Amino acid sequence: MLLTKIFSRHKPKPQTGKRSDKKAPLPASAMGTDEFVPAPREALDADPLRRLYQQGRFNVILNDEALWRSHPGGAAILQEVKKELEQRMALVPAGTVGLPQTLSGQPGGPEKEVEVAPFLLCCHPVTNARYQRFVDAGGYDDLDCWPEEIWPHLIELKDLTGHPGPRFWRNGRHDARMADHPVVGVSWYEAQAYGIWIGQRLPTEAEWQMAASWHIKSSADLMRRFPWGDSLDITRCNIWSSRLGTTAPVTAYAKGSAPNHVTQLVGNVWEWADDEFGVTDDAGRAIVGEVAMHVVRGGAFDTYFETQATSFFRTGQLALARPLNTGFRCAMDLGDAPWITGG
Amino acid sequence: MTTATEPMRPMTSMPCLICETQNPAESLVCTNCFAPMALIQEAVAQDRDPCIVTVIGDSNVGKTVYLGMLLDMLSKRADDFDALPKGAYSVNLQHNVISHLSARQFPPKTAMEVDQWLWAYYQVARRKRGARIYDLVMPDMAGEAIAAEVATPRTFAVIRSLMEKSAGAILLVDGALAAAGSPQPDFFALKLISYMDGVLALKHGEKLDTPVAVVLSKADHCPDCFENPRLFAQTNLNRLWNICETRFRHYEFFAASVVGSLGYGTDEYNNVIPYPLHVAPRGIMEPFEWVLSKL
């Protein structure tokens, strides 16, 4: 009953970025042109609660729910915050996932079984527009959002013009035409910092795989190769064979959603997961990166092999890498949303 | 009717497309340069002259992976190309590269022995009415063999023949190594171009007409390569930049990468083995399209 209620909330919007849609522009740098339309700066409300709401920091508001309840207009905003979270997040039920432990990832090879508790996952990856609020709020200078080991490197996390922000932005602004595209050119640390700033977190690798493979606890022991089923369908995701050649808006490819309407788990952009990446060759020898790697999952618009854009495929990226094809989405514990569980 | 006393008819022979050696028609490979005779027979059967496009560069720069990936992308109609392999042997190179990359391994190094090289003969055209059809011959040459021929000309006669007949060249330079400050890519490219100068007997001040696409390979390691390949080359490969300017009429700089993320393991002898964790080709088609536009 609860599941039906929650899943039915997330009726996807009409698909706007289908395969036949007009090609979205690549970031100006990737095109080798100077064409760039800077996104306008958003005016922020002077009222602290409204400002937090405007910035999309819903979990930060809810962390101090008791405090804000007595704030002028607080009750109404709190209600709106919960409604927004219900709209933006989807419940992923409990289940078990098997994480392949070898590079070949062959079926029947060694796997690590992980139990996943139910949790809430953002229906869409974080967009440029949403990430802009973090940049505008001085998120890159807010040391509370960053682990101490990264502080010396914060100065390197610049855009093309030397301003703090994702690698392909300019003057701290995203390209206005890409506002609803997933933010890319962010390292694992930037993804994590954004999660902390809005009061959420990155999903673990097991959670991500649970959401994509939908291996829920039920009498039917089903595991999906893709969020929509077991067969690849390039009209349902944005990978190399889909021929878009760049990112699509986060609302595109709604037909490729998981049963709970979480979109684009496969394709469009690789998504950072919380875990460090570890894998071995078939002889059990560790395979490592030049420096620490974190897990990325799901494949991207430029993923060439269909086998590398599935619910199961595990790979990693250097934690400080800021590739053109990697973004993220956030998650939260179900326990942090008691109004959803009726608690 | 023939009788036992009549002399046998002389065996028909065929000149090799690459080195012009006369070969018996039934030969499988050229007796001199080891180019597949099937390639020569196919070329003879066409009305058009085949174009040789060479992919050249130092050892370990990624020539095999680049070429295999390019051929596979062409087969998948990337950028609206139609590509038809002329003979099963032409598919072996891309098959080898794609099988390894999809299994998250790099293909083995190309053997130095010429008879082990893989050759591709593809008919390539844009998928539009009236588009020009190109018959492209592209061998996968071993970097060590190129280096040996450059160091001691005529060690590998086939390389010299290929250079002489090449309608266009894609010169791969290790962008990652250059970005790390190594002078090796710059010096090797300098040697290679000076060798080409010698092969084509250019006089001082005379520029080479063959279009040359200089591709900064492994550019995933140095994102600056993608942002402005020309500027990157001018800054990090200045010797190469200068000689290109002096010796080539048509040249352009590009950046390319095949691997989206790289991991490292070891083998049983503790040698470091790189693994392509996932594949995300970038900048593969552009140099090829540019060379084609100049043919």
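Refer to the structure presented above.
Quick look at the structure, then. None of the values given here were measured: they were computed from a predicted structure.

### Topic: the overall build of chain B
Here comes step 1: For chain B, the count of helices and strands is 11 helices and 11 strands.
Here comes step 2: The C-alpha atoms of chain B give a radius of gyration of 20 Å, which matches the 19 Å a tight globule of 295 residues would have.
Here comes step 3: Principal-axis analysis of the C-alpha atoms places the extent of chain B at approximately 75 × 50 × 50 Å.
Here comes step 4: Among the 295 residues that make up chain B, the fraction classed as buried is 50%.
Here comes step 5: Relative to all contacts within chain B whose residues are 6 or more apart in sequence, the contacts with residues 24 or more apart total 69%.

### Quick word on the interface of chain B and chain A
Here comes step 1: Every contact between the two is made by 16 residues of chain B and, on the other side, 20 residues of chain A.
Here comes step 2: Of all elements in the fold, only strand 10 (257–266) and strand 11 (272–282) of chain B reach the threshold of two or more residues within the side of chain B that touches chain A.
Here comes step 3: At 7 residues, strand 11 of chain B tops the list of elements feeding residues into the side of chain B that touches chain A.
Here comes step 4: Residue classes in the side of chain B that touches chain A are distributed as 7 nonpolar, 6 polar and 3 charged.

### A few points about the sheet that holds strand 7 (residues 166–174) of chain B
Residue and element names in this part refer to chain B.
Here comes step 1: On the basis of which strands lie adjacent, the open sheet formed by 7 strands has the order 4-5-6-3-7-8-9 and mixed pairing. A strand with exactly one partner marks an edge of an open sheet, and here the two such strands are strand 4 (81–85) and strand 9 (251–255). Pairwise comparison of adjacent strand axes, ignoring direction, gives a mean angle of 25° for this sheet.
Here comes step 2: Contacting strand 3 (51–57), strand 6 (134–139), strand 7, strand 8 (212–217) and strand 9, helix 11 (residues 285–294) runs over the sheet at an angle of about 155° to strand 7.

### Notes on the environment of glycine 168 of chain B
All names here are of chain B.
Here comes step 1: As for its placement among the helices and strands, glycine 168 is situated in strand 7.
Here comes step 2: When the C-alpha atoms of glycine 168 and valine 53 are compared, they prove to be 4.9 Å apart, with 115 residues separating the residues in sequence.
Here comes step 3: If sequence neighbours within four positions are ignored, glycine 168 has contacts with Val53, Thr210, Pro211, Val291, Lys294 and Leu295.

### Focus on the sheet that holds strand 11 (residues 331–333) of chain A
Residue and element names in this part refer to chain A.
Here comes step 1: The strand order across the open sheet built from 3 strands is 1-4-11, with neighbouring strands paired in antiparallel fashion. The sheet is open, and its two borders are formed by strand 1 (89–92) and strand 11, each paired with just one other strand. Across the sheet, the mean angle from the axis of one strand to that of its neighbour is 30°, orientation sign disregarded.
Here comes step 2: As paired strands, strand 4 (residues 119–122) and strand 11 are joined by 3 bridges and run antiparallel to one another. When the bridges of strand 11 are listed, phenylalanine 119 appears paired with aspartate 333.
Here comes step 3: Along the sheet face, helix 9 (residues 205–213) touches strand 1, strand 4 and strand 11 and points at about 90° away from the line of strand 1.

### Describing the pairing of strand 5 (residues 119–126) of chain B
Two faces, one strand: in a regular strand the side chains alternate between the faces of the sheet.
Residues and elements named next belong to chain B.
Here comes step 1: Note that strand 4 and strand 5 share 5 bridges and pair antiparallel. Along strand 5, the bridge assignment pairs leucine 84 with glutamine 123.
Here comes step 2: As defined by bridge partners, strand 5 adjoins strand 6 across 6 bridges and the pair is classed as antiparallel. By the bridge assignment for strand 6, valine 124 is matched with tyrosine 134.

Scoring rules and cut-offs
- Residues numbered from 1 in each chain as written.
- Chains lettered and ligands numbered in written order.
- Predicted model: local features only at pLDDT ≥ 70, side-chain atom pairs only at ≥ 80, totals over all residues.
- Helix = DSSP H or I, 4+ residues; strand = E, 2+ residues; numbered from the N terminus.
- Rg over C-alpha atoms; globule rule 2.2 N^0.38 Å.
- Buried ≥ 20, exposed ≤ 12 C-beta atoms within 10 Å, placed from the backbone.
- Contact = placed C-beta atoms within 7 Å.
- Nonpolar A, V, L, I, M, F, W, Y, C, P; charged D, E, K, R; others polar.
- Pairing = 2+ DSSP bridges.
- Axes fitted to C-alpha atoms, helices over the stretch in contact; angles between N-to-C directions.

Just distances and angles here, no functional claims.
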